[in-house]
Amino acid sequence: MSTQIPPQIQNQLAQLQQVQQQAQSLAMQKSQIESMQKEAEMALEELDKLPEDVVIFRSVGELQIKSSKEESVSKLNEKVETLSLRLQSISRQEERISKRFTQLQEQIEQSMGNQAQ
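As a convention, each chain's residues are numbered from 1 in the sequence order in which they are written. Where totals are concerned, whole chains, interfaces and linings use all residues; where local detail is concerned, this predicted model gives features only for residues with pLDDT of at least 70, and gives and counts side-chain atom pairs only at 80 or more. As a convention, hydrogens and water are excluded, and side-chain values are obtained from all of the structure's heavy atoms.

For the purposes of this entry, the term helix denotes a DSSP run of H or I that reaches at least four residues, the term strand denotes a run of E that reaches at least two, and both are numbered from the N terminus. By the secondary structure assignment, Q32 is in helix 1 (residues 7-49). Separated by 64 residues in sequence, Q32 and R96 place their C-alpha atoms 20 Å apart.

Under the UniProt annotation, "coiled-coil region" (unreviewed entry) lies at residues 9-107. End C-alpha atoms of residues 9-107 are separated by 9 Å, and the span's content is 81% helix alongside 10% strand. UniProt positions are given in the numbering used here, feature names are shortened, and annotations may be inferred rather than shown by experiment.

By convention in these notes, a salt bridge is any Lys or Arg side-chain nitrogen within 4 Å of a carboxyl oxygen on Asp or Glu. Taken as a whole, this structure holds 4 salt bridges when the rule is applied. K49 is the salt-bridge partner of E46, the closest N and O atoms lying 3.2 Å from each other. Of this pair, E46 and K49 both sit in helix 1, 3 residues apart, which is roughly one turn of the helix. When accessible area is computed with a 1.4 Å probe and restricted to protein chains, residues below 20% of their type maximum are described as buried, those above 50% as exposed, and intermediate ones as partly exposed. What makes K49 exposed here is its relative accessible area of 63%. Measuring nitrogen to oxygen at the nearest pair gives 3.5 Å for the salt bridge that ties E71 to R58. Within this pair, whereas E71 is found in helix 2 (residues 69-116), its partner R58 is found in strand 1 (residues 56-60), the two being separated by 13 residues in sequence.

A word on the layout of surface pockets. For each structure, a 1 Å grid was placed over the protein atoms alone; sets of points admitting a 1.4 Å probe that cannot get out are labelled cavities, open sets with protein on both sides within 12 Å along at least five of seven lines are labelled pockets, and lining residues have an atom within 4 Å of a point. Grid points are joined across faces, edges and corners, and a volume is the space filled by probe spheres set on the points. Considered as a void within the structure, the largest pocket measures approximately 210 Å³ in volume. The wall of the largest pocket is formed by A43, L47, I56, F57, R58, S59, S72, K75 and L76. Broken down by secondary-structure element, the contributors of at least two residues to the lining of the largest pocket are helix 1, strand 1 and helix 2. The biggest single contributor to the lining of the largest pocket is strand 1, with 4 residues. Each residue receives one of three labels: charged for Asp, Glu, Lys and Arg, nonpolar for Ala, Val, Leu, Ile, Met, Phe, Trp, Tyr, Cys and Pro, and polar for the others, Gly being one of them. Residues belonging to the lining of the largest pocket are distributed by class as follows: 5 nonpolar, 2 polar and 2 charged.

Following this line, the structure appears as structure tokens:
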């Protein structure tokens, strides 16, 4: 069957498959980042319930570092903001990938239609 498909259409199909893989990868990244963002937001909510003079320990790699509530809140807010920016970037990439996918589908359909004639 693959010998009957012209090289141009084979190339378009390969590109379509690659775009699908990119979309799946972006969806996984987005899910992971959303999870991390939700976790940071939950931590901020819990910190908000604590008194100002509480002793907090933050994980830094393999270590637990003593930290003030103010510093911990600041770090978590930075993390939430950074993750939010990453999510925006991924959303823009998803839009571009979706447009490219639609474009390739139309090209393939057009090429297949021309082959049938």
